[in-house]
Amino acid sequence: MKASIGNRIVLIGAGDVGIAYAYALVNQGLADHLSIIDIDHDKLVGEVMDLNHGVVWAPSPTLVTEGSYDDCTDATMVVLCAGAAQKPGETRLDLVGKNMALFETIVGDVMATGFDGILLVATNPVDILAHATWRYSGLPASQVIGSGTILDSARFRFMLGEYYDVAPMSVHASIIGEHGDTELPVFSSANVSGVPLRRDLDGDPDKRERLTQIFEETRDAAYRIIDSKGSTSYGIGMGLARITRAVLRNEQVSLPVSTLLQGEYGQDGIYIGVPAVIGRSGVLRVVELELDETERQQFARSASALRAVSEQFEVLR
């Protein structure tokens, strides 16, 4: 990976998710230059103008411009938010066929510029498309990151915070596996303000039932949001900004993202959501949580579901 100068980000895809991410970047002052690429030029012009008009209130200035693939040459990160969005009644896996061909073209155009930074994938199904992006790009797997379960984990922490009447920042709990219907909560290592959730799960059947319900509400939240407003955007936009901050500032912080497993969790050669340490060069290492027997079985089932789709669409290599 070549060293980049400054913090230049290229965003591909100015739909709801892309613009929510762009707004979070500008509002938090994370990047020096944000270049946005989208096929709808008229809408893009308006989005760029609108974002620039808010820069005066940001903690540090960000230059926002209409972009081209040439901007990828010396970018620190390219963030992929382009593609067909999930519609009411669709699962994330239903989107595979729609987005695979598009990504092969986009990633090919990015890599033709000599890009050698971090590719961050948000488009669904994110685990499958992150794996495909790695394959198409030829980059080391450490430089290709999917947003994974960063949004699911944030939803879970928020809902647990509401239940226990504490700030979500005091809740430490992860969702792992597919960003989708087979994901699972890691109750065995979760805690609220340092108190293990296992204590409630083992000692109070009513709380066990409620905590299970909270996970199910977490897992299905996207369907409810899509039915209500057409898409999810703010939560994932801020999650992408959190990953971006970890990269640009070399934070070496653990975040639940989609990354390539190479023996961890008993899985090999598949992109899936797990905690990983993120820094300037991308994924530094996978954090292998100690799962109980039920969680191990659930994770294996989630990996099998992703592997089956990956094999169907010839994503694996």
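Residues numbered from 1 in each chain as written. Predicted model: local features only at pLDDT ≥ 70, side-chain atom pairs only at ≥ 80, totals over all residues. Heavy atoms only, no water.

Turning to the overall build of the protein chain, a few remarks are in order. On a plain count of helices and strands, the protein chain comes out with nine helices and 14 strands. Seen through its principal axes, the protein chain has C-alpha atoms that stretch 60 × 45 × 40 Å. Burial analysis of the protein chain (317 residues in total) assigns 53% to the buried set. Restricting the contact set of the protein chain to residue pairs at least 6 apart, pairs at least 24 apart contribute 71%. (Helix = DSSP H or I, 4+ residues; strand = E, 2+ residues; numbered from the N terminus. Buried < 20%, exposed > 50% of the residue type's maximum accessible area, 1.4 Å probe, protein only. Contact = heavy atoms within 4.5 Å.)

Another aspect to go through is the UniProt feature "binding site: beta-D-fructose 1,6-bisphosphate" (unreviewed entry) in the protein chain. In this numbering, the UniProt entry assigns the feature "binding site: beta-D-fructose 1,6-bisphosphate" (unreviewed entry) to Arg157 and His172. Across 16 residues in sequence, these annotated residues keep their C-alpha atoms within 7.0 Å of one another, forming a single compact spot. In the annotation above, Arg157 and His172 are the residues that line the largest pocket. Tracing the backbone through its elements, the reader meets Arg157 in helix α5 (residues 150–164). (UniProt positions renumbered as here; feature names shortened; annotations may be inferred. 1 Å grid on protein atoms, 1.4 Å probe; cavity = no way out; pocket = protein on both sides within 12 Å on 5 of 7 lines; lining within 4 Å.)

So, about the pattern of salt bridges. Counted according to the given criterion, the structure contains 11 salt bridges. One salt bridge connects Lys43 with Glu47, and the closest N-O pair in it is separated by 2.8 Å. Taken together, the residues Lys43 and Glu47, both in helix α2 (residues 41–53) and four residues apart, mark about one turn of the helix. The class of Glu47 is buried, set by a relative accessible area of 18%. The partner of Asp202 in a salt bridge is Arg198, with the nearest N and O atoms 3.7 Å apart. (Salt bridge = Lys/Arg side-chain N within 4 Å of Asp/Glu carboxyl O.)

Grouped together as the largest cluster of nonpolar side chains are 46 residues, with contacts concentrated most on Ile12, Val78, Leu80, Val110, Phe115, Leu119 and Phe299. Ile9, Tyr21, Ala31 and Leu34 belong to the second-largest nonpolar core, a separate cluster that totals 39 residues. (Core = buried A, V, L, I, M, F, W, Y, C linked by side-chain atoms within 4.5 Å.)

A word on the layout of surface pockets. Here the largest pocket defines a volume of roughly 1,000 Å³. If you trace the largest pocket, you find 37 residues lining it, with Ile150, Ser153, Ala154, Arg155 and Arg157 closest to the centre. For the lining of the largest pocket, the elements supplying multiple residues, two or more each, are α5, β7 (171–172), α7 (205–229), α8 (234–248) and β12 (253–262). Sorting elements by how many residues they give to the lining of the largest pocket places α5 first, with nine residues. Of the residues that constitute the lining of the largest pocket, the class distribution is 21 nonpolar, eight polar and eight charged. Each pocket or cavity is described by its volume, and for the second largest pocket that value is around 720 Å³. Going through the elements one at a time, α1 (16–28), α3 (96–111), α5 and α7 are the ones with two or more residues in the lining of the second largest pocket. Per element, the largest residue contribution to the lining of the second largest pocket is three residues, and it comes from α1. Tallied by class, residues from the lining of the second largest pocket come to 18 nonpolar, 12 polar and six charged. (Points joined across faces, edges and corners; volume = space filled by probe spheres on them. Nonpolar A, V, L, I, M, F, W, Y, C, P; charged D, E, K, R; others polar.)

The next subject is the UniProt feature "active site" (unreviewed entry) in the protein chain. The UniProt record annotates "active site" (unreviewed entry) at His179. For His179, the position within the fold is in the loop between β8 (175–176) and β9 (184–185). Looking at His179, its side chain comes within polar contact range of the side chain of Asp152, at 2.7 Å. (Polar contact = N/O pair within 3.5 Å; in protein donor to acceptor, adjacent residues only side chain to side chain.)

Considering the arrangement of structural elements, one finds Ser302 in helix α9 (residues 293–312). For Ser302, a relative accessible area of 0% puts it in the buried group. For Ser302, the side chain forms a polar contact with the main-chain nitrogen of Glu178, separated by 2.9 Å.

To continue, consider the packing of α3 against helix α4 (residues 126–137). Remark: α3 packs on α4, axes separated minimally by 9 Å, with the N-to-C direction vectors making an angle of 35°. α4 is crossed by α3, and the crossing has right-handed handedness. Contacts from Val96, Asn99, Met100, Phe103, Glu104, Val107 and Met111 in α3 reach Ile128, Leu129, Ala132, Thr133, Tyr136 and Ser137 in α4. Its residues assigned to classes, the contact of α3 with α4 shows nine nonpolar, three polar and one charged. (Axes fitted to C-alpha atoms, helices over the stretch in contact; angles between N-to-C directions. Left-handed = near helix turned anticlockwise from the far one by under 90°.)

Right, let's get into the state of the cysteines. Tallied over the full model, the rule gives zero disulfides. Note on Cys72: no disulfide assigned, nearest cysteine sulfur contributed by Cys81 at a separation of 13 Å. (Disulfide = S-S within 2.5 Å.)

This part is about the packing of aromatic side chains. On inspection of all chains with the given rule, the structure shows four aromatic pairs. Relative to Tyr271, the ring of Trp134 has its centre 6.1 Å away and its plane inclined at 45°; by these criteria the two rings are tilted. You can see Trp134 sitting in helix α4 and its partner Tyr271 sitting in strand β13 (residues 268–279), a full 137 residues away along the chain. Accessibility expressed as a relative area gives 13% for Trp134, which makes it buried. Given a relative accessible area of 1%, Tyr271 falls into the buried group. Between Phe156 and Phe187 the ring centres are 5.8 Å apart and the planes differ by 65°, which places this aromatic pair in the edge-to-face class. (Phe/Tyr/Trp six-rings, centres within 6.5 Å; stacked < 30°, edge-to-face > 60°.)

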